[in-house]
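Spelled out from the first residue to the last, the chains are:
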Amino acid sequence: MFVAGNWKSNKSFNEAKEFANVMSAMSAMPEGVEVMVAPPTPYLAAMGQLEWPCRLGAQNVSATGPGAQTGEYTAEMLAGCGVQDVIVGHSERRDGHGEDDEAVAEKVNRVLEAGLRVVFCCGESLQDRQTDVHFDKVLRQMGSGILHLPVELLDRVVVAYEPIWAIGTGLTATAEQAQEMHAAIRGWLREAYDESTASRIPLLYGGSCKPGNADELFACADVDGGLIGGAALDPESFRAIVDAAGRVAATRMHVDTNS
Ligand code: PGA
């Protein structure tokens with residue numbers, strides 16, 4: 001299981017360090033759960049120096065390599081600051097900052113070339129869902145963002161399904177809606193690659209995931225964790241979601257041992 005927190009443009013630098021302290025003072029993270037936090041970009045170098053029980057994530061990366069690109073930062077620069085995972089293709093970047101499929105695919109390439117792991121986001125708008133094109137939309141995003149990758153790079157790909165209508169709105173996909181989309185994504189990966197690749201890639205759900213609904217969402221067979229926005233800002237609620245993932249991880253490990 002994998003639980004990733006995306007702070008977006010929130011928290012002062014002091015609050016960010018305080019969050020890391022609080023996380024460090026908690027009991028060990030549950031077995032079978034990887035935990036990542038993506039603070040705002042200006043904090044990454046300092047947070048990469050801290051000892052805390054979270055992988056360090058970035059919320060964005062430049063689509064280009066080094067050079068005359070004012071204000072941009074390369075995947076290698078992120079790696080040098082201790083970043084391990086990079087979120088790419090979040091709807092707030094696609095829709096709010098004009099990132100098209102081509103730019104998203106370039107960013108995926110840059111992250112993987114730098115040896116980092118990519119958290120690739122996909123998801124449909126409310127209108128897509130209401131007009132019944134949500135599967136087409138998400139699988140098309142998978143095609144343009146992922147399909148060109150050779151299979152050996154897929155070990156460093158995590159997919160986050162984030163229905164746009166559920167992000168920051170308090171509306172959550174039902175467990176059934178999450179599971180059916182995750183199953184479609186898993187099926188797509190099986191077709192595009194193979195069974196073992198498809199089953200290894202963590203598929204995260206994102207969109208108003210919180211302590212009160214995490215158990216139900218994570219219990220879905222094809223949900224392997226969450227990409228958490230608002231509920232990742234408070235260490236206690238983030239930890240409660242991590243613990244929900246821990247309960248599911250324990251069940252899945254039990255099934256593996258007995259099969
Ligand atoms: P939310 O955000 O949990 O606040 O809905 C999720 C995300 O955008 O990653």
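(A) Looking closely at the pairing of strand S5 (residues 117-122). When you tally the buried positions in S5, you get six out of six residues, the bulk of the element. Both faces of S5 are covered, namely the face carrying Arg117, Val119 and Cys121 and the face carrying Val118, Phe120 and Cys122.

(B) Highlighting the sheet that holds strand S2 (residues 34-38). Taken in spatial order, the eight strands close into a barrel running S1-S2-S3-S4-S5-S6-S7-S8, and their pairing is parallel. Within the sheet, the average angular offset between the axes of one strand and its neighbour, ignoring direction, is 25 degrees. One ladder, built from five bridges, connects strand S1 (residues 2-6) with S2; its direction is parallel. Within S2, the position partnered with Asn6 by the bridge is Ala38. Each of S5 and strand S6 (157-161) is contacted by helix H7 (residues 134-146), which is oriented at about 150 degrees to S5, the strand it contacts most.

(C) Looking closely at the site of the ligand. Surrounding the ligand, one finds 13 residues, the nearest of these being Lys8, His90, Glu162, Gly168 and Ser208. Between Glu162 and the ligand, the recorded distance is 2.8 Å, taken from a side-chain N or O atom to an oxygen atom. Contacts to the ligand include Gly229, whose backbone N or O atom sits 2.9 Å from an oxygen atom. Starting from 280 Å² of accessible surface for the ligand in isolation, the protein chains cover 95%. Mapping the ligand onto the cavity grids shows that it belongs to the second largest pocket. Residue classes in the shell around the ligand are distributed as four nonpolar, seven polar and two charged.

(D) Region of interest: helix H10 (residues 211-218). Of the positions making up H10, those classed as buried are Asn213, Ala214, Leu217 and Phe218. Angularly, the buried residues of H10 cover 130 degrees about the axis, an arc narrow enough to put them on a single face. For H10, the exposed residues set more than 90 degrees away from the buried face come down to Gly212 and Glu216. Its buried side turned inward, H10 meets S1, helix H8 (175-192), strand S7 (203-206), strand S8 (225-228) and helix H11 (235-258).

Here is what the cut-offs are and how they apply
Residues numbered from 1 in each chain as written. Predicted model: local features only at pLDDT ≥ 70, side-chain atom pairs only at ≥ 80, totals over all residues. Heavy atoms only, no water. Buried < 20%, exposed > 50% of the residue type's maximum accessible area, 1.4 Å probe, protein only. Helix = DSSP H or I, 4+ residues; strand = E, 2+ residues; numbered from the N terminus. Pairing = 2+ DSSP bridges. Axes fitted to C-alpha atoms, helices over the stretch in contact; angles between N-to-C directions. Contact = heavy atoms within 4.5 Å. Near = heavy atom within 4 Å. Polar contact = N/O pair within 3.5 Å; in protein donor to acceptor, adjacent residues only side chain to side chain. Areas by Shrake-Rupley, 256 points an atom, 1.4 Å probe, with all protein chains shown as cover. 1 Å grid on protein atoms, 1.4 Å probe; cavity = no way out; pocket = protein on both sides within 12 Å on 5 of 7 lines; lining within 4 Å. Sits in = over half its atoms within 2 Å of the grid points. Nonpolar A, V, L, I, M, F, W, Y, C, P; charged D, E, K, R; others polar. Arc of directions from axis to C-beta.

Honestly, it's all geometry; don't read function into it.
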